[in-house]
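# Descriptive structure summary
Here is what each chain is made of, one letter per residue.
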There are 2 protein chains.
Amino acid sequence: MQTPKKVGITGSGLVGSLLAIYLKKQGHDVDIYDRRPDIRETEFSGRSINLAVSTRGWKALEYVGIRKEIEALAIPMDKRAIHVEGKPVYYQYYGKEGEAIYSISRGVLNKKMIDLAEGEGARFIFNSKVWDVSLTEAILYTGKSERETLEPHQYDLIFGADGAFSRIRHKMQRSSMFNYSQKFLKTGYKELSIPAGPGNVHRMDKNSLHIWPRGSFMLIALPNLDGSFTCTLFMPYHGVNSFEELDTEAKVTVFFQKYFDDVIQEMPDLLTEFFKNPTSSLVTIKCEPWTSHDKVALIGDAAHAIVPFYGQGMNVGFEDITVLNSLIEQYGDDWGTIFEYYQTQRKPNTDAVAELSYRNFIEMSSKTADEKFILRKNIEKRFSEKHPDKWMPLYSRVTFSTDPYVKALEQGDFQKAIMDEIMEMDHIEKIWNQEEVEQKILQMLAQKVSV
Amino acid sequence: MQTPKKVGITGSGLVGSLLAIYLKKQGHDVDIYDRRPDIRETEFSGRSINLAVSTRGWKALEYVGIRKEIEALAIPMDKRAIHVEGKPVYYQYYGKEGEAIYSISRGVLNKKMIDLAEGEGARFIFNSKVWDVSLTEAILYTGKSERETLEPHQYDLIFGADGAFSRIRHKMQRSSMFNYSQKFLKTGYKELSIPAGPGNVHRMDKNSLHIWPRGSFMLIALPNLDGSFTCTLFMPYHGVNSFEELDTEAKVTVFFQKYFDDVIQEMPDLLTEFFKNPTSSLVTIKCEPWTSHDKVALIGDAAHAIVPFYGQGMNVGFEDITVLNSLIEQYGDDWGTIFEYYQTQRKPNTDAVAELSYRNFIEMSSKTADEKFILRKNIEKRFSEKHPDKWMPLYSRVTFSTDPYVKALEQGDFQKAIMDEIMEMDHIEKIWNQEEVEQKILQMLAQKVSV
C-alpha cells in the first residue's frame with residue numbers, strides 16, 4: 001500500500017482522467033487542472049478522429065473495472081472495408097475470429113472517463129490554465145494570464161497529461177539537457193461526417209473501418225453508436241490534390257465526385273463541414289527525460305505524441321498507466337525508482353510505436369488498394385493460422401497483443417524481410433496457398449533468429 | 001544593386017556582426033540587438049572553446065576584405081599534436097604543405113568584428129533583449145521584462161543570429177508546422193588554461209592543436225597570441241571519469257596526475273578554474289523552416305547549432321552568409337526567392353555537417369590514439385598525394401575546401417567503405433606503402449561510383 005500523496009494532474013483528457021482513477025484507487029488525493037471548460041457542459045468541438053480502442057487500451061480499463069462501461073459506448077470493427085475506385089468494397093479482417101478494434105467518439109469517452117474519475121473522488125478544476133510549474137518543488141501556477149499574479153498550488157507529485165503541446169514539458173524543455181523533437185507531416189486532416197440513415201441505421205457496414213485509399217490522400221470513416229460515421233480526410237497541405245487547392249465549394253464537389261463517388265451522396269453536410277472545420281496538423285513529438293526531480297512526470301501525448309495511422313495514440317497512453325501502475329505496486333513509496341523505470345521501460349516502446357504509426361500512413365493510404373499487398377496479407381494470414389506459435393502478423397502484435405512495441409517493430413522488420421523474398425517467388429499469385437510457400441517460410445524462419 | 005531595406009539583426013555574435021558588414025556594404029540600414037553588454041567594454045566571460053577558422057570561414061571574410069585583419073589575430077595550426085599516455089607526442093598533419101586551421105579567441109574575434117561592422121555604419125544596440133517578434137510584420141519588441149510594456153521596432157527584414165537558444169526561432173517554433181529538434185550529448189565541457197611561459201613564450205608547440213585522447217574523455221589545447229593556450233576538457237556528466245565524480249580538489253588533482261601528467265605542471269590555475277568555470281553542455285539543434293513570411297530568417301547557430309568536434313561551428317555560420325550573399329546578388333530585391341533558395345541550399349548541408357561533427361567526437365577522443373587509425377590516415381594521405389584528382393580525405397574536404405558538406409558526408413562514407421576493405425588486407429601494417437595497396441584502391445574506386 002502507498003503512503004497517500006497530494007497529486008496534481010494537468011489535462012483532463014483520456015490519459016489524465018484514467019490516471020486519476022488509478023491514483024484515487026491507490027488512496028492518493030488527486031486534482032486535475034484543465035484550461036478548457038468541462039466538456040460535459042459544452043458542445044464538443046468536433047475536431048478529433050474517432051478513436052479505436054484495442055487490446056492495450058482495454059487492459060488498462062479492465063484493471064480498474066471500467067471496461068464494461070466503456071464497451072457499451074463502442075462499436076467493434078473486425079475488418080477494414082476498402083473502397084477502391086471502380087471496384088466493389090473489399091473486406092480485410094484485422095485478426096482472427098473475434099478480434100476487433102472498437103470505434104468510440106473521443107468526446108463521448110472523455111465525458112464518461114471524467115464522470116468515473118469524479119466518482120472515485122478526483123477533483124476537476126476546469127477553466128484553469130497552468131501557466132508555470134516548479135519542477136523542483138512540484139508547484140503548479142494557475143491564473144488568468146501570464147502577466148498577472150499567479151496562484152501557486154503545492155503538490156507532492158505532478159503528472160503532465162496535457163497533450164502534444166504540454167505546458168509541463170515546455171518548462172522541462174527550458175532546462176538544460178532536455179532532448180526534444182517535433183516533426184510535422186506535410187499531410188493534414190479534416191473531420192467530416194456521414195449522418196445516420198432513416199431510423200438511425202448506419203448507411204454502410206457498421207462493423208468496419210472504412211477506407212478510401214487514394215495514394216497521397218485518403219478518406220476514412222468510423223462508426224458511431226447513433227448511426228452516424230465520423231469521417232476524416234487526410235490530404236497534403238500543398239500541391240496536387242491538397243487542402244490548399246480545394247478552396248471553393250465547386251472544387252470540393254468535383255474532387256469528391258471524382259475520388260469518393262460512392263460516398264458523396266451520404267455526406268449532405270460535406271460543403272459546410274469542409275469549410276467550417278479546421279484543417280489540423282499531424283505531429284510526432286519525442287522527448288527525454290520524461291521525469292524531473294522525482295516529482296514531475298510526463299504521460300501520454302505530452303511525452304510522446306504520434307500520428308494516428310495505427311490507431312494507437314490513446315492505447316499507448318493507457319499502456320503508460322499500466323506500466324506506471326505496476327511499478328507503483330512493485331516499488332511502493334520509492335518514487336525515484338518508479339519514475340526511473342517508468343521512463344526506461346516506456347521510452348523505447350513509445351519511440352517504436354511512433355515509427356510504426358508513421359510507416360502505417362503509407363500502408364493505409366496506398367498499399368491497401370494494391371493487389372500484391374492483399375496477396376501478401378493473405379499469405380501471412382494463412383501461415384499464422386497454421387503456425388500461430390511461429391508467426392504473429394505485425395498488425396496483430398501491435399493491436400491485439402501487449403507485446404512491447406519494440407518487439408513488434410523488430411519482428412515486423414524480420415517478417416517483412418521474409419515476405420519480401422516470398423513475394424519474389426515465381427507465380428506467387430498462383431502458388432500462394434501451396435505447401436511450397438509454407439515450407440520456404442518455415443525454412444527462412446529456422447535460418448534466421450527465432451521469432 | 002539592392003533597394004535599401006531597414007534590417008534588424010538579433011545577436012551581435014560572430015555571424016550577426018559579419019552579416020551586418022555584408023548588408024551594410026549592400027546599402028541597407030542595419031540595427032543589431034544584443035541582450036548582453038558590449039563585450040568590448042566588459043571582461044570576457046571565458047566560457048568558450050577557442051575557434052578554428054578554416055577555408056569556409058576565410059572565404060566569407062575575404063569577400064568583404066577583412067581577412068588580413070583577422071589573420072593578424074590568429075595562429076595557424078597545421079597539425080594535431082597527440083599526447084598519448086606514456087609515449088612521446090605524435091604529430092599528425094591536417095592537410096597538405098601550407099594548409100592549416102587558425103586558432104583565434106572567440107572574444108578577440110568578436111570584438112574585432114563589432115568594430116568592423118560599426119566602421120561600416122551598422123548600429124549596435126546592447127543591453128537590449130528582444131522579448132518578442134512579429135513574424136508577419138517584421139517587428140522586434142524590446143523592453144526591461146516580458147511583463148512590462150514592450151517597445152516595437154519596425155523593420156523590412158529581420159535576421160535571427162541569436163544563437164542556439166534563439167528567441168526568434170522560439171517564436172517560429174510556436175507556430176504550426178515547425179519541425180524542431182534539440183539533442184544534448186551526455187558529454188559536457190569545461191574551459192581551462194595554460195598561461196604563457198616566461199617571456200610570453202608558448203609552453204608547447206604553438207602551431208598545433210594539442211589533443212590528449214583518453215577514450216570517453218579528452219583534453220584539447222589551442223594557442224593564443226599572448227603565449228597562452230585555451231584548454232577544453234570534454235568529459236561525461238555522469239559515471240566513471242565524469243564531471244559529477246570530480247567533486248573535490250583532491251580528486252581533480254589525482255585525475256589530472258593520472259591522465260594528463262605531461263601537462264598538469266603547466267596548469268597552475270587548474271583547481272581554481274575547474275571549480276570556478278561552468279560545465280557547459282553540447283547540443284545539436286535542427287529546425288525547419290528557417291524563414292517566415294519572406295521577412296524573417298534564421299542564420300548561424302540559431303538555425304543549426306552543432307557540436308564543436310569538427311571545428312566548423314563558426315565556419316558553417318559564415319558560409320550561410322556567403323550563400324545568402326550570392327543569392328542576394330543573383331535575385332536582387334526578390335527576397336521571397338532569396339529566402340527560399342537560402343534554406344533549400346543550406347539545410348541539407350547544415351544537417352550533414354551536424355552529422356560529421358557528431359561523428360568526429362569519436363575520432364578525436366579515441367581513434368587518434370589508435371595505431372590502426374594512424375596507419376589508415378597514412379595510407380589515405382599517401383594515396384591522395386599521388387592521386388589528388390581521385391581522393392580528397394574527408395577532413396580536407398570539410399576543412400580545406402568549399403565543397404558542399406553533403407558531398408563531404410557522402411564521399412566520406414564512400415571512402416570509408418574502401419578503407420575498411422584496405423585495412424583488412426593481410427599484413428597491411430607492412431605493405432601499406434606498396435603498389436599493391438594503391439592498385440587495390442584504384443580498382444575499388446573504378447568499380448564504384450566516381451568520386
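Predicted, not measured: the structure shown is a model, and the values here were computed from it.

## Re a negative patch on the surface
A contiguous patch of negative charge, built from A:Asp294, A:Asp333, A:Asp334 and A:Glu340, is present on the exposed surface. Counting through the fold element by element, A:Asp334 comes out in the loop between helix H9 (313-331) and helix H10 (335-365).

## Focus on the relation of the copies chain A and chain B
The two copies are related by a screw motion: chain A maps onto chain B through a turn of 180° and a shift of 0.0 Å along the axis, at an RMSD of 0.0 Å. Here the two chains are linked by the operation of a two-fold rotation axis. Residues of chain A ranked by C-alpha distance from the rotation axis are headed by A:Ser181, positioned 2.0 Å from it. Of the residues that chain A buries at the interface, 100% are likewise interface residues in chain B, meaning the two copies contact each other through the same surface.

## Things to note about the pattern of salt bridges
Residues and elements named next belong to chain A. In total, this model carries 60 salt bridges over all chains according to the counting rule given. Glu319 is paired through a salt bridge with Arg56; the nearest N and O atoms lie 2.9 Å apart. Of the two residues, Glu319 sits in helix H9 while Arg56 sits in helix H2 (residues 55-63), which places them 263 residues apart along the sequence. Overlapping salt bridges, with partners in common, bring together Asp38, Arg40, Asp115 and Glu118 in one network.

## With respect to the confidence of the model for chain A
Confidence along chain A averages 93 in pLDDT terms, with 98% of residues attaining 70 or more. Model confidence for the complex is summarised by a pTM of 0.88, with the ipTM given as 0.82.

## Observations regarding the interface of chain A and chain B
With 19 residues of chain A at the contact, the number on the chain B side is 19 residues. Around 1500 Å² of area is buried between chain A and chain B when both sides are counted, 45% of it from carbon and sulfur atoms. If you sort the residues of chain A by the area they bury against chain B, A:Arg147, A:Met177 and A:Gln182 come out on top, with a joint share of 37%. At the junction of chain A and chain B, the tally comes to zero salt bridges. Remark: the boundary between chain A and chain B carries six residue pairs in polar contact (both at pLDDT 80 or more). At the level of secondary structure, the elements contributing two or more residues to the side of chain A that touches chain B comprise helix H5 (167-173) and strand E13 (179-194) of chain A. Top contributing element to the side of chain A that touches chain B by residue count: E13(A), with eight residues. Along the lines of polarity and charge, the residues of the side of chain A that touches chain B split into seven nonpolar, seven polar and five charged. Bridge count for E13(A) against strand E13 (residues 179-194) of chain B is three bridges, and the pairing is antiparallel. By the bridge assignment, A:Tyr180 is partnered in E13(B) with B:Gln182.

Scoring rules and cut-offs
- Residues numbered from 1 in each chain as written.
- Chains lettered and ligands numbered in written order.
- Predicted model: local features only at pLDDT ≥ 70, side-chain atom pairs only at ≥ 80, totals over all residues.
- Heavy atoms only, no water.
- Patch = residues over 30% accessible without salt bridge, like charges linked within 9 Å, V, L, I, M, F, W, Y side chains within 5 Å.
- Areas by Shrake-Rupley, 256 points an atom, 1.4 Å probe, with all protein chains shown as cover.
- Salt bridge = Lys/Arg side-chain N within 4 Å of Asp/Glu carboxyl O.
- Lys, Arg positive; Asp, Glu negative; His and termini not counted.
- Charge placed at Lys NZ, Arg CZ, Asp CG, Glu CD.
- Helix = DSSP H or I, 4+ residues; strand = E, 2+ residues; numbered from the N terminus.
- Least-squares fit on C-alpha atoms with pLDDT ≥ 70 in both.
- Contact = heavy atoms within 4.5 Å.
- pLDDT = per-residue confidence, 0-100.
- Buried area = accessible area lost by both parts, 1.4 Å probe.
- Polar contact = N/O pair within 3.5 Å; in protein donor to acceptor, adjacent residues only side chain to side chain.
- Nonpolar A, V, L, I, M, F, W, Y, C, P; charged D, E, K, R; others polar.
- Pairing = 2+ DSSP bridges.

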